[in-house]
Amino acid sequence: MRPPEYLIDAIKKNNSFLILTHTTPDGDAFGSSIALKFLLEQFNKKAEIYAEYPIPVQYQFLPGSDSIKNIELLKVEDLVFSCNCAKENSLPFDILILVDCNNLSRISYKKEIIEKIKTFSGTKLIIDHHVESNLPDHNSLKWIDPQKAATGIMVFYLIKAFNGEITPQIATNLYTAIIVDTGNFQFENTTKEVLSIASELVSYGAKPSYIYQHSFESWSQNRFRLFIKMLNNIELFPPIAISFISKKDFDETLTQESDTERFVEFLRILKEVNITALFREIQEGFLKVSLRSKGDLDVSKIAEEFGGGGHKNAAGYRISASFEEARNKLIEKMKVYNMLK
């Protein structure tokens, strides 16, 4: 596979890149972003990653994760043309790249941060494998491929297109991206392509056991306490399982949203459950919802009804409502799609 030529040309012709990803970045978001930064630096280009802080414990092992900057510290002057330049007007960043994300509204829950990023007047590139959510921006070059199991696979092909070197550091980041979005090769998106690339990354220095232990077996006691609260909140009415984590649950366990990564997958462990939903209260009256499904059940259609998106078996959305209201709306929508009687 070869990335679009317009995207390759844009990268070749520019020298300074701002890399952003979605809220609560996961292994694919972090791994893909860092690998892309390493690639750009191989060609003597400036690349900076800004993301939400703090970086989750399970991804602090990634080579290059210590270079990620707090998105709240990104300055407006880094995004807009300066009127006081001695030479020709230029941007500190020539290109903004959205990685594992295709909509500026997904980069933060804080409106002031989104508005700040929107002042960027240069070219935007999008590298993502989620279903497109119609980013209303004529000044963006999109490479969106929902058929890819992870954005890390797309970055892998980008590195190949540039004849870049896949160092052990890049291999570690890309392998992490792949195993997180395939559930360590357990999800239905695990294909021959996925396994072939993973094998090649191992040959470049990725260490599967080491990466798996950090990505999947590095829970803190507080995170485990939060997991118990989630289990205690489960509602079962097969084939659906629903759970809820309140802001109070986060506060009592001294945890944050990133600590809920993979929680929704655990709900699928029950044989009679084919669809799972996890509601997380980010702030009072504002919820983030993660949906998972088995087989041919397409939960992305449900997510799109609420302004979200994703993949057939893994999708999500945000909603301003109480948990009870949001749960009832989800159940009614599932009935419309004949997922629940």
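By the naming in an unreviewed UniProt entry, the protein goes by Exopolyphosphatase-related protein and is assigned to Thermodesulfovibrio yellowstonii.

Participant: I tried to follow helix α7 (residues 208-216) on my own but got confused; where do I start?
Facilitator: Three- or four-residue spacings in an α-helix give side chains the same orientation, since the helix completes a turn every 3.6 residues. For α7, the full list of buried residues reads Ile211, Ser215 and Phe216. Down the axis of α7, the buried set is contained in an arc of 100°. They therefore lie on one face.

Participant: What should I look at first to understand the pattern of salt bridges in this one?
Facilitator: Close approach of charged atoms lets side chains of opposite charge pair. Counting across every chain of the model gives 17 salt bridges. Notably, a salt bridge pairs Glu252 with Lys248, separated by 3.8 Å at the nearest N-O pair. You can see Glu252 and its partner Lys248 sitting in helix α9 (residues 247-253), 4 residues apart, about one turn around the helix. Judged by its relative accessible area of 56%, Lys248 is exposed. Across the pair Arg292 and Glu265 runs a salt bridge, and its minimum N-O distance is 2.5 Å. Note that Arg292 is positioned in strand β10 (residues 286-293) and Glu265 in helix α10 (residues 263-266), a separation of 27 residues in sequence. On the accessibility criterion, Glu265 (14% relative accessible area) is buried. Sharing partners across several salt bridges, the network here consists of Lys229, Lys248 and Glu252.

Participant: What is the right way to read the layout of surface pockets from this model?
Facilitator: To find the voids left in a structure, one rolls a probe of water-molecule size over its atoms. In this structure, the second largest pocket spans a volume of roughly 510 Å³. If you go around the second largest pocket, you meet 23 residues; those closest to its centre are Glu52, Tyr53, Tyr109, Gln256 and Glu257. When grouped by side-chain class, the residues that make up the lining of the second largest pocket number 9 nonpolar, 7 polar and 7 charged.

Participant: Even after reading the chapter, I still don't get the sheet that holds strand β4 (residues 95-99), so can you show me in this structure?
Facilitator: What links the strands of a sheet is backbone hydrogen bonding, and the strands pair in either a parallel or an antiparallel sense. Pairing within the open sheet is parallel, and its 6 strands lie in the order β3-β2-β1-β4-β5-β6. In this open sheet, the two edge strands, each paired with only one partner strand, are β3 (69-70) and β6 (140-144). The pairing of strand β1 (residues 16-20) with β4 spans 4 bridges and is classified as parallel. Residue pairing in the sheet places Leu20 in a bridge with Leu98 of β4.

Participant: Quick question: what am I supposed to make of the environment of Thr23 here?
Facilitator: By secondary structure assignment, the location of Thr23 is in the loop between β1 and α2 (27-42). The spatial distance from the C-alpha of Thr23 to the C-alpha of Ile159 is 25 Å, given a sequence separation of 136 residues. Excluding residues within four positions of it along the chain, Thr23 makes contact with Glu52, Arg106, Ile107, Ser108, Tyr109, Lys288 and Arg318.

Participant: For this particular structure, what's the right way to read the UniProt feature "domain: DHHA1" (unreviewed entry) in the protein?
Facilitator: In the UniProt entry, the feature "domain: DHHA1" (unreviewed entry) is given for residues 260-334. The straight-line gap between the two end C-alpha atoms of residues 260-334 is 24 Å; of that span, 29% is helix and 33% is strand.

Participant: What should I look at first to understand the environment of Ala29 in this one?
Facilitator: Positionally, Ala29 belongs in helix α2. A relative accessible area of 1% means that Ala29 is categorised as buried. Considered as a pair, Ala29 and Leu297 are 268 residues apart in the sequence and their alpha carbons are 25 Å apart. When sequence neighbours within four positions are dropped, the list of residues in contact with Ala29 reads Thr21, His22 and Asp100.

Participant: Just to check I follow, could you spell out the side chain of Thr182 for this structure?
Facilitator: Turning to its location among the elements, Thr182 is positioned in the loop between α5 (168-181) and α6 (192-203). Dropping the residues within four chain positions of it, Thr182 is found in contact with Ala149, Phe187, Asn189, Thr190 and Val194.

Parameters at a glance
For every chain, the first residue of the written sequence is number 1, and numbering continues from 1 along that sequence. For a predicted model such as this one, the threshold for reporting local features is a pLDDT of at least 70, and the threshold for listing and counting side-chain atom pairs is 80 or more; totals across whole chains, interfaces and linings nevertheless cover every residue. Based on all heavy atoms of the structure, the side-chain values leave hydrogens and waters out of the count. Three exposure classes are used, based on accessible area relative to the maximum for each residue type with a 1.4 Å probe and protein chains only: buried under 20%, partly exposed in between, and exposed over 50%. Put simply, DSSP marks the helices as runs of H or I at least four residues long and the strands as runs of E at least two long, and each gets a number from the N terminus on. Note: the arc covers the axis-to-C-beta directions of the helix. Here, a salt bridge means any Lys or Arg side-chain nitrogen found within 4 Å of an Asp or Glu carboxyl oxygen. A cavity here means a set of 1 Å grid points, computed over protein atoms only, where a 1.4 Å probe fits but cannot escape. A pocket is an open set with protein on both sides within 12 Å along at least 5 of 7 lines, and lining residues have an atom within 4 Å of a point. Grid points are joined across faces, edges and corners, and a volume is the space filled by probe spheres set on the points. Polarity classes work like this: nonpolar for Ala, Val, Leu, Ile, Met, Phe, Trp, Tyr, Cys and Pro, charged for Asp, Glu, Lys and Arg, and polar for all others, with Gly in that last group. Two strands qualify as a pair provided that DSSP identifies no fewer than 2 bridges between them. In this description, contact between two residues means that some pair of their heavy atoms is separated by no more than 4.5 Å. UniProt positions are given in the numbering used here, feature names are shortened, and annotations may be inferred rather than shown by experiment.

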